[in-house]
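Read off the chains here:
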Amino acid sequence: MRIYVPGDSAAKAVGADDVVRAILAEAARRGIEIEIVRNGTRGMIWLEPLVEIDRGAGREAFGPVTPADVPALLDGTLPGHGRVEDIAFFARQTRLTFARCGVIDPLSLADYQAHGGLAGLRRAIGMTGAGIVAEVTASGLRGRGGAGFPTGIKWKTVAEAKADRKYIVCNADEGDSGTFADRMIMEGDPFSLIEGMAIAGLGVGATKGYVYLRSEYPDAIRVMAHAVEIARSAGVLGADVLGSGRAFDMEIRKGAGAYVCGEETSLLNSLEGKRGIVRAKPPLPALEGFLGKPTVVNNVISLATVPVIFERGALAYADLGVGRSRGTVTLQIAGNVRQGGLFETAFGMSLGEVVNGIAGGTASGRPVKAVQVGGPLGAYMPVSKFDTPLGYEEFDRQGGLIGHAGLVVFDDTADMLRMARFAMEFCAIESCGKCTPCRIGAVRGVETIDRIAQGDGAAIPVLTDLCETMRDGSLCALGGFTPFPVMSALTHFPDDFSTLREAAE
Ligand SMILES: Cc1cc2nc3c(=O)[nH]c(=O)nc-3n(C[C@H](O)[C@H](O)[C@H](O)COP(=O)(O)O)c2cc1C
Ligand code: SF4
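Computed from a predicted structure; not experimentally measured.

A. The overall build of the protein chain, seen in detail. The number of helices and strands found in the protein chain is 23 helices and 15 strands. Its C-alpha radius of gyration of 23 Å places the protein chain within 12% of the 23 Å reference for a compact globule of 505 residues. Across the protein chain, the fraction of contacts at a sequence separation of at least 24, relative to all contacts at a separation of at least 6, is 69%. Summing over all exposed atoms, the protein chain offers an accessible surface of approximately 19,100 Å²; the carbon and sulfur share of this is 53%.

Structure representation (structure tokens):
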């Protein structure tokens with residue numbers, strides 16, 4: 001009997017390791033032979049620890065499982081959910097990037113290949129660098145780290161730059177609130193990121209890659225480092241990638257623990273051992289990046305999506321989506337929801353469908369008030385905007401942001417003035433200090449919101465002016481996008497900014 005218990009840190013946080021210990025003890029007591037696989041999570045966090053048992057006729061899911069459930073689990077009397085693929089939350093997904101996550105043993109290269117792994121790299125090896133870049137361009141893939149910049153254009157810039165060395169840097173800093181897709185894929189399917197980086201290296205002519213991985217993710221660091229060793233000893237990485245005669249190798253580097261180190265130029269400084277402060281652009285990292293050399297900086301999900309694009313073909317990927325947002329979006333549903341987790345679907349589903357149809361509304365049972373999409377710099381979307389389809393331009397037109405596709409849901413008890421204050425405070429704390437609109441503006445922003453909270457209505461236009469200055473004058477998106485949550489809170493929830501003022505009048 002094979003038993004799958006996720007080794008993912010979200011599952012561990014709710015007791016997966018205790019469940020493993022209980023299963024081993026109970027199996028030993030009964031004298032039965034079992035094999036435990038520590039897979040990644042399937043992404044249905046409310047069901048974790050989600051245990052799957054394969055008694056020879058497919059995998060049956062149970063969860064959340066506690067150590068006390070284990071005797072019934074082994075007896076076959078514990079009520080289960082049937083096959084994972086039949087659970088509604090899972091059945092409605094289009095899993096491409098996350099196709100293997102939760103299915104395979106993350107550190108088994110054989111398992112990886114049995115599920116389509118390395119097919120993309122093998123195909124890429126038969127192509128020229130320009131052909132690889134053209135394939136990524138044709139897929140319509142855009143950066144999943146925040147800005148949605150076309151990956152093909154970035155790769156082409158690096159490929160065409162003249163230099164003795166080029167680099168692939170994976171941004172695994174994942175600092176956005178409510179996001180966990182990068183961590184999930186690194187813990188659940190690390191070879192997909194390695195394969196994506198190798199394809200990127202072959203495409204642009206880079207022989208070395210780095211994963212800048214936040215220090216708050218010790219499990220992801222451990223799994224990735226181990227996977228890199230396995231890939232190297234199997235010849236997937238090294239001087240002769242899969243016998244191609246072309247070289248690519250990589251290292252895992254631990255992040256320094258600041259939100260701004262997720263910004264690509266700040267990240268490069270940190271990777272070079274310098275203080276994580278933003279660099280002015282130009283020069284673009286694609287031309288002068290790591291150690292001054294042409295560098296592809298891409299998010300984990302962008303790179304981990306590359307293998308499936310090469311496996312299935314760019315057009316199959318580009319076939320999915322809406323407008324200029326092609327392929328799938330890996331939504332991370334969090335906050336006050338009944339069913340939170342990772343939901344991968346083609347771009348185009350409406351925000352309301354995700355919140356009400358997929359996530360099942362709020363956990364509190366109260367009405368939804370707002371959803372912050374795109375991390376701490378994303379706008380608060382009110383229910384009146386729930387028809388907005390998930391797409392970069394579609395959200396932009398509504399004053400919103402897809403970003404890294406994190407959704408944090410709030411019910412009607414949320415005080416939007418406090419949320420606006422939090423956004424300014426966050427910016428003040430995380431600012432790298434290089435430019436004035438952000439360094440000083442965020443501090444003044446907190447003070448101005450405090451004045452509004454005290455009933456000073458004259459401070460509202462000051463806040464609006466300040467937000468305009470930060471938006472237009474900041475060097476990077478930390479200062480430049482903080483006005484999104486602040487102004488969306490003020491615009492869509494004016495009552496939260498006026499109660500005390502009206503009371504005072
Ligand atoms: C303050 C700030 C924080 C950021 N944090 C991250 C992050 O944690 N992960 C990430 O991939 N991109 C982050 N970005 C975006 C990166 O600067 C960059 O656009 C991205 O890594 C490029 O990869 P992509 O094209 O694959 O999205 C951040 C940007 C800003 C301004
Ligand atoms: S906007 Fe803020 S974080 Fe970005 S460069 Fe300016 S001070 Fe630094």
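B. Structural context of the packing of helix α9 (residues 181–188) against helix α10 (residues 190–204). In the contact formed by α9 and α10, the axes pass within 5 Å of each other and the chain directions differ by 100°. If you check the angle between α9 and α10, you find them roughly perpendicular. Every residue of α10 that contacts α9 at Ile185, Met186, Glu187 and Gly188 is listed here: Pro190, Ser192 and Leu193. Split by residue class, the contact of α9 with α10 holds 4 nonpolar, 2 polar and 1 charged.

C. Focus on the side chain of threonine 330. Here threonine 330 lies in strand β11 (residues 328–335). Threonine 330 gets classed as buried once you look at its relative accessible area, which sits at 3%.

D. Region of the structure containing the sheet that holds strand β6 (residues 208–213). Ordered by their spatial adjacency, 4 strands build an open sheet running β7-β6-β5-β8, and the pairing between neighbours is parallel. At either end of the open sheet lies a strand with only one pairing partner, and these are β7 (249–254) and β8 (295–299). Within this sheet the neighbouring strands show an average axis-to-axis angle of 20°, counted without direction. Here strand β5 (residues 167–172) pairs with β6 via 6 bridges, running parallel. Looking across to β6, one finds that tyrosine 167 is bridged to lysine 208.

E. The sheet that holds β11, seen in detail. Sheet architecture is open: 5 strands sit in the order β12-β11-β15-β13-β14, paired in mixed fashion. Lying at the two open borders of the sheet, with one neighbouring strand each, are β12 (341–346) and β14 (380–382). Taken over all neighbouring pairs, the strand axes of this sheet differ in orientation by 30° on average, direction set aside. Where β11 lies against β12, 6 bridges are found, and the strand directions are antiparallel. Opposite threonine 330, over in β12, you have glutamate 344 as the bridge partner. Taken strand by strand, helix α15 (residues 351–358) contacts β11, β12, β13 (368–373), β14 and β15 (406–411), and its axis lies near 120° from that of β13.

F. Structural view of the state of the cysteines. Taken as a whole and assessed by the stated rule, the structure comprises 0 disulfides. Between cysteine 467, a free cysteine, and cysteine 427, which holds the nearest cysteine sulfur, the sulfur-to-sulfur gap is 10.0 Å. Residue cysteine 467 is classed as buried on the basis of its relative accessible area of 3%.

G. Up close: the pattern of salt bridges. Going through the model one piece at a time under the given rule, you end up with 36 salt bridges. Here lysine 281 ties to glutamate 264 by a salt bridge, and the two come within 2.7 Å at their closest N and O atoms. Of this pair, lysine 281 sits in the loop between α12 (264–271) and β8 while glutamate 264 sits in helix α12, and the two are 17 residues apart along the sequence. Here lysine 281 falls in the partly exposed class, since its relative accessible area comes to 41%.

H. Expanded view of the packing of helix α17 (residues 416–430) against helix α19 (residues 441–453). Remark: α17 packs on α19, axes separated minimally by 7 Å, with the N-to-C direction vectors making an angle of 160°. Taken together, the axis directions place α17 and α19 in an arrangement best described as roughly antiparallel. α19 is crossed by α17, and the crossing has left-handed handedness. Contacts from Leu417, Ala420, Arg421, Met424, Glu425, Cys427 and Ala428 of α17 reach α19 at Gly441, Ala442, Val443, Gly445, Val446, Ile449, Asp450, Ile452 and Ala453. Here the contact of α17 with α19 is built from residues that sort into 11 nonpolar, 2 polar and 3 charged.

I. View of the nonpolar core. Counting residues in hydrophobic clusters, the biggest one holds 63 residues, and the most contacted among them are Trp155 and Met186. Take this core: its biggest share by element is 9 residues, from α10. Setting aside chain neighbours within four positions, we find tryptophan 155 in contact with Ile132, Val133, Val136, Ile199, Ala200, Val204, Val296, Asn298, Leu303 and Val306. By size, the runner-up hydrophobic cluster in this structure holds 37 residues, among which are Met416, Ala442, Val446 and Ile452.

J. Looking closely at the site of ligand 2. Taken together, 13 residues lie near ligand 2, and Cys432, Lys434, Cys435, Cys438 and Cys476 sit nearest. Each residue belonging to the shell around ligand 2 can be placed in one class, and the counts come to 8 nonpolar, 4 polar and 1 charged.

K. Region of the structure containing the site of ligand 1. In the neighbourhood of ligand 1, 19 residues make up the surrounding shell, with Gly145, Asn171, Asn298, Asn299 and Ser302 lying closest. Contact between ligand 1 and glycine 262: a nitrogen atom at 3.2 Å from a main-chain N or O atom of the residue. Summarising the interface, the protein chains cover 91% of the accessible area of ligand 1, which totals 610 Å² for the free molecule. Put simply, the parts of the chain that give the shell around ligand 1 at least two residues each are β8 and α21 (477–481). Of the residues forming the shell around ligand 1, the biggest block, 3 residues, is contributed by β8. Within the shell around ligand 1, the residues separate by chemical class into 4 nonpolar, 9 polar and 6 charged.

L. Representation of unusual backbone geometry within the structure. In the segment running from glutamate 48 into proline 49, the intervening peptide bond is cis, with an omega of -5°. Considering the arrangement of structural elements, one finds proline 49 in the loop between β2 (35–37) and β3 (51–54). The residue after lysine 281, namely proline 282, is reached through a cis peptide bond having omega 0°. Among the structural elements, proline 282 can be located in the loop between α12 and β8.

M. Local environment of α15. Leu351, Gly352, Val354, Val355 and Ile358 are the residues of α15 that are buried. Looking one or two places after α15, you find glycine 360, whose phi comes out positive at around 75°.

Thresholds applied
Residues numbered from 1 in each chain as written. Chains lettered and ligands numbered in written order. Predicted model: local features only at pLDDT ≥ 70, side-chain atom pairs only at ≥ 80, totals over all residues. Heavy atoms only, no water. Helix = DSSP H or I, 4+ residues; strand = E, 2+ residues; numbered from the N terminus. Rg over C-alpha atoms; globule rule 2.2 N^0.38 Å. Contact = heavy atoms within 4.5 Å. Areas by Shrake-Rupley, 256 points an atom, 1.4 Å probe, with all protein chains shown as cover. Axes fitted to C-alpha atoms, helices over the stretch in contact; angles between N-to-C directions. Parallel < 35°, antiparallel > 145°, perpendicular 65-115°, else oblique. Nonpolar A, V, L, I, M, F, W, Y, C, P; charged D, E, K, R; others polar. Buried < 20%, exposed > 50% of the residue type's maximum accessible area, 1.4 Å probe, protein only. Pairing = 2+ DSSP bridges. Disulfide = S-S within 2.5 Å. Salt bridge = Lys/Arg side-chain N within 4 Å of Asp/Glu carboxyl O. Left-handed = near helix turned anticlockwise from the far one by under 90°. Core = buried A, V, L, I, M, F, W, Y, C linked by side-chain atoms within 4.5 Å. Near = heavy atom within 4 Å. Polar contact = N/O pair within 3.5 Å; in protein donor to acceptor, adjacent residues only side chain to side chain.

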